[in-house]
Amino acid sequence: MSRDLLLKGGRIVDPSQGLDTIGDVLLRDGKVEACGGAIGTPDGAEVVDVSGLVVAPGLIDVHVHLREPGREDVETVATGAHSAVAGGFTGVCAMPNTKPVTDNQATVGFVKRQGETAGFARVYPYGAISLGQKGETLAEFGEMVAAGAVAFSDDGKPVESAHLMRTALEYARAFNVPVAEHCEDMTLARGGSMNEGLMSAKLGLKGIPAEAEEIYVIRDILLAKRTGGHIHLCHLSTKGSVELVRWGKERGINVTAEVCSHHISLTEAAVEGYNTNAKMNPPLRTQEDVEALQQGVADGTIDLLVTDHAPHHYDEKEREFADAPNGIVGLETALGVNCTYLLKPGIISLAQMIDAMSCKPAKVFHLPGGTLARGSVGDVTVFDPARTWTCDPKQFKSKGRNTPYGGHTFNGQALLTVVGGRVVYRAN
Ligand SMILES: [Zn+2]
Ligand SMILES: [Zn+2]
């Protein structure tokens, strides 16, 4: 039996209980024993003074790439889960575009066990929608759910066949799990490497138009309407996508959506100078898109804030812009980005940020956590929303160093991360 842990005198912000109060949180046997008010110190308990800090239900990121199996040189489940807790995340959902693809019971079980062995953040595997992510044959959803898969996705690419997506939504509905789509019409994106617009013309790079994303957004919303299945739209990047999700939600369609921290904080201008650390898919868009995404988070059209954590090997990002891989290391900067770009300017409140980073991810993906209610899992993030720090990629726990935020100064940092009542990360 582990020692009791008493977090003393923090500002407890738990939107799941409508709570914003100064008080204590007691964790016992991996669970929340008590939350709020002044709690006496049990014999032998470890006491941590968290006065002046925010105590929130542990952050959950439903969209990360941990690269294992297959690219352990880039990231492992263990290093990814370590990176997660350093960023304040107590749970992460691992995308299945591994080598081999996580499309069967054995691989799902392997990823889950690697997470348990590492003992940092909880790792929830995705299962692939199609075998080998080839877009042809539906994978065995039932077996993967039994092994611990919490959702299905072919992320990295879209499900090109509307019929296959329809069938996936119907099958997933039987297991009450979401189907997550990477929205990209490849025939329109045509191998583009940044947003299509004035900047791509100036840099002479092939662009990806907004419609490449939006065509899939509306297709999938319509398929969710037809099937009653739960479509979850990954990493939306355009103003039009936000409007389409709003359209779907107004009609009661079972659609949820996420945005990445980089899409609410950076524009295509970051690509200037052919900066491959600003190369992502979907690409960074315009200021108008950034503002629409921020507004979507503020009004609840966008449900979740995610990272799309995508570590790459140094050499691979050193290639020419058009040939470099997409994505950035996200887990250790997300809280700082969201505090700096959404919270500080008053676009969203502290409760809204915690809701989008913890309560709603747990609710939408049916995961443990997202609450500090008595008896729930003892996953807690303690952070200072105002603390200033400068991003130094060399300090990342992730094996990846690819970030456009190196040298950036943020407000907001995770200071203590607790998983199952056990301190798994403590900032210096
Ligand atoms: Zn994707
Ligand atoms: Zn992704």
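Just above sits the structure.
Residues numbered from 1 in each chain as written. Chains lettered and ligands numbered in written order. Predicted model: local features only at pLDDT ≥ 70, side-chain atom pairs only at ≥ 80, totals over all residues. Heavy atoms only, no water.

Peer 1: Provide a residue-level description of the coordination of the zinc ion (ligand 2), including the pertinent values.
Peer 2: The protein atoms that coordinate the zinc ion (ligand 2) are His63 (NE2), His65 (NE2), Asp155 (OD) and Asp308 (OD), at distances spanning 2.1 to 2.3 Å. Coordination at the zinc ion (ligand 2) is irregular: its four donor atoms span angles of 84 to 170° at the metal. In terms of primary sequence, the donors binding the zinc ion (ligand 2) are separated according to H-x1-H-x89-D-x152-D. The two metals, the zinc ion (ligand 2) and the zinc ion (ligand 1), are separated by 3.6 Å and share Asp155 as a common coordinating residue. (Donors = N, O, S within 2.8 Å, 3.2 Å for Na, K, Ca; no water. Tetrahedral: all angles 85-135°; square planar, octahedral: opposite > 155°, others 65-115°.)

Peer 1: If you had to explain the coordination of the zinc ion (ligand 1) to someone new, which residues and values would you point to?
Peer 2: Donor atoms from the polypeptide that coordinate the zinc ion (ligand 1) comprise Asp155 (OD), His182 (ND1) and His235 (NE2), at 2.0 to 2.1 Å from the metal. Each donor residue of the zinc ion (ligand 1) lies on the same chain, and together they follow the pattern D-x26-H-x52-H.

Peer 1: For the pattern of salt bridges, give the residues involved together with the corresponding values.
Peer 2: Here the structure, examined in full by the defined rule, presents 19 salt bridges. Across the salt bridge formed by Arg11 and Asp20, the nearest N and O atoms sit 2.8 Å from each other. Here Arg374 and Glu33 are joined by a salt bridge, their closest N and O atoms 3.4 Å apart. Note that Arg374 is positioned in the loop between helix H12 (350-364) and strand S16 (380-390) and Glu33 in strand S3 (residues 31-35), a separation of 341 residues in sequence. Judged by relative accessible area, which is 24%, Glu33 ranks as partly exposed. (Salt bridge = Lys/Arg side-chain N within 4 Å of Asp/Glu carboxyl O. Helix = DSSP H or I, 4+ residues; strand = E, 2+ residues; numbered from the N terminus. Buried < 20%, exposed > 50% of the residue type's maximum accessible area, 1.4 Å probe, protein only.)

Peer 1: An account of the sheet that holds strand S6 (residues 59-64) is requested, with residue identities and associated values reported.
Peer 2: Here eight strands make up an open sheet; going across it, the order is S6-S7-S8-S9-S10-S13-S14-S15 and the pairing parallel. Looking at the sheet topology across the chains shown, the edges are occupied by S6 and strand S15 (304-306). For this sheet, the mean angle separating the axes of adjacent strands, direction not counted, is 30°. Here helix H8 (residues 239-250) sits on the sheet in contact with strand S13 (231-233) and strand S14 (255-260), set at roughly 155° to S14. (Pairing = 2+ DSSP bridges. Axes fitted to C-alpha atoms, helices over the stretch in contact; angles between N-to-C directions. Contact = heavy atoms within 4.5 Å.)

Peer 1: Run through the packing of aromatic side chains, naming residues and quoting values.
Peer 2: Enumeration over the complete set of coordinates arrives at four aromatic pairs. Where Tyr126 meets Phe365, the ring centres are 6.1 Å apart and the plane angle is 75°; that geometry is what we call edge-to-face. With a gap of 239 residues between them, Tyr126 in strand S8 (residues 122-127) and Phe365 in the loop between H12 and S16 connect regions that are remote in the sequence. Judged by relative accessible area, which is 0%, Tyr126 ranks as buried. Between Tyr405 and Phe410, the ring centres sit 5.4 Å apart and the planes meet at 65°, which makes this aromatic pair edge-to-face. Note on accessibility: Tyr405 and Phe410 belong to one class, buried. (Phe/Tyr/Trp six-rings, centres within 6.5 Å; stacked < 30°, edge-to-face > 60°.)

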